[in-house]
Structures are given as C-alpha cells and as structure tokens.
Amino acid sequence: MNPVFTFIADLFPFGCALEAMMDAALFGAGWSDILLPISLMLLIAVIFMGIGINLGERCRL
C-alpha cells in the first residue's frame, strides 16, 4: 500500500470507527481492545471541531 494514502486515510475518523466495529463484531474484542481506535476517533473529531469553529468565526458574514 502507498504510505501517503494510508496516512491520509488515518486522518478521517471513519477508518477508526470501522476498525473498532470490525474488531468487536468479527473478533469479539472487548472495550479494552477497541479503546485505542475510539480514542483516536474522538481526538480527530475534537481537532476537526476546533478547526471548524476557528474558520467559522473568521468567515462570519
């Protein structure tokens, strides 16, 4: 796989959510096993929300 595309895919929370759901559904992973993908997804969401609020304040009409 191309490392550039892999890095870009890691920036979107969908990949983390999919990884957590697949681990839980297919492999019977518990909360401790899916805690890392969920925490990464929440971190990405917080960063994107901060960027969105910042841009929204700047571009107010």
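Structural data are supplied above this passage.
A brief structural summary. (Residues numbered from 1 in each chain as written. Predicted model: local features only at pLDDT ≥ 70, side-chain atom pairs only at ≥ 80, totals over all residues. Heavy atoms only, no water.)

### Considerations on the packing of helix α2 (residues 13-27) against helix α3 (residues 31-58)
Reasoning step 1: Interhelical geometry of α2 versus α3 gives an angle of 160° and a closest axis separation of 9 Å. Put simply, α2 runs roughly antiparallel to α3. The way α2 lies across α3 gives a crossing that is left-handed. Two secondary-structure elements touch here, α2 through P13, C16, A17, E19, A20, D23 and A24 and α3 through I34, P37, I38, L40, M41, I44 and F48. (Axes fitted to C-alpha atoms, helices over the stretch in contact; angles between N-to-C directions. Helix = DSSP H or I, 4+ residues; strand = E, 2+ residues; numbered from the N terminus. Parallel < 35°, antiparallel > 145°, perpendicular 65-115°, else oblique. Left-handed = near helix turned anticlockwise from the far one by under 90°. Contact = heavy atoms within 4.5 Å.)

### Looking at α3
Reasoning step 1: Here α3 spans 39 Å end to end across 28 residues, near enough to the 40 Å set by a 1.5 Å rise per residue.
Reasoning step 2: In the structure, α3 departs most strongly from a straight axis at P37, where the bend amounts to approximately 30°.
Reasoning step 3: Of the residues making up α3, those classed as buried are I34, P37 and I44.
Reasoning step 4: Buried positions along α3 lie against α1 (3-10) and α2. (Expected span 1.5 Å × (residues − 1). Bend = angle between axes of the 7 residues up to and from the residue. Buried < 20%, exposed > 50% of the residue type's maximum accessible area, 1.4 Å probe, protein only.)

Any functional reading would require information beyond the geometric quantities listed.
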